[in-house]
Amino acid sequence: LLAFLADPELERSIATDVASAEGALADGRYKNACVMAGSAMEALLLWAVQRRKPTDHAIAFKAA
């Protein structure tokens, strides 16, 4: 599912969050589902940001 991460520990952690979100959604626990899905998204976004060079961040901030 998340093999592109190339970090088995991070992949397991995010997969656990996704599974928790899916289980909560199936049980009708919508707030829990949103929190766990948000956790998975936050981890993926942080992973993506950390892959960039500081100069990439500076260019993006300047452009924004």
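Residues numbered from 1 in each chain as written. Predicted model: local features only at pLDDT ≥ 70, side-chain atom pairs only at ≥ 80, totals over all residues. Heavy atoms only, no water.

1. Concerning the environment of A63
1) Next: In this fold, A63 is placed in helix α3 (residues 54–63).
2) Next: A residue is classified by how much of its surface remains accessible, and A63, at 68% relative accessible area, is exposed.
3) Next: Separated by 14 residues in the primary sequence, A63 and V49 place their C-alpha atoms 16 Å from one another. (Helix = DSSP H or I, 4+ residues; strand = E, 2+ residues; numbered from the N terminus. Buried < 20%, exposed > 50% of the residue type's maximum accessible area, 1.4 Å probe, protein only.)

2. Let's talk about the pattern of salt bridges
1) Next: Per the stated rule, a full pass over the model turns up one salt bridge.
2) Next: Here D27 makes a salt bridge to R29, at a shortest N to O gap of 3.2 Å.
3) Next: A relative accessible area of 56% places D27 in the exposed class.
4) Next: The exposure class assigned to R29 is partly exposed, which follows from its relative accessible area of 38%. (Salt bridge = Lys/Arg side-chain N within 4 Å of Asp/Glu carboxyl O.)

3. Remarks on the packing of aromatic side chains
1) Next: Under the defined criterion, the tally for this structure stands at one aromatic pair.
2) Next: Centroid distance F4 to W47: 5.4 Å. Interplanar angle 70 degrees. Geometry classified as edge-to-face. A residue pair is termed long-range when its members are at least 10 positions apart, and F4 in the segment before α1 (8–26) and W47 in helix α2 (residues 30–50) qualify at 43 residues.
3) Next: By relative accessible area, F4 is classed as partly exposed at 48%. (Phe/Tyr/Trp six-rings, centres within 6.5 Å; stacked < 30°, edge-to-face > 60°.)

4. Focus: the packing of α1 against α2
The description of two packed helices rests on the angle between their axes and on the distance between the axes.
1) Next: With their axes 7 Å apart at the nearest point, α1 and α2 run at an angle of 155 degrees to one another. As far as their axial angle goes, α2 and α1 are roughly antiparallel. Seen along the crossing, α1 lies across α2 with a hand that is left-handed. In this structure, α1 contributes L10, I14, D17, V18, S20, A21, A24 and L25 to the contact, and α2 contributes Y30, N32, A33, M36, A37, S39, A40, A43, L44 and W47.
2) Next: Tallied by class, residues from the contact of α1 with α2 come to 14 nonpolar, three polar and one charged. (Axes fitted to C-alpha atoms, helices over the stretch in contact; angles between N-to-C directions. Parallel < 35°, antiparallel > 145°, perpendicular 65-115°, else oblique. Left-handed = near helix turned anticlockwise from the far one by under 90°. Contact = heavy atoms within 4.5 Å. Nonpolar A, V, L, I, M, F, W, Y, C, P; charged D, E, K, R; others polar.)

Such coordinate-based values are descriptive only and should not be taken to indicate function.
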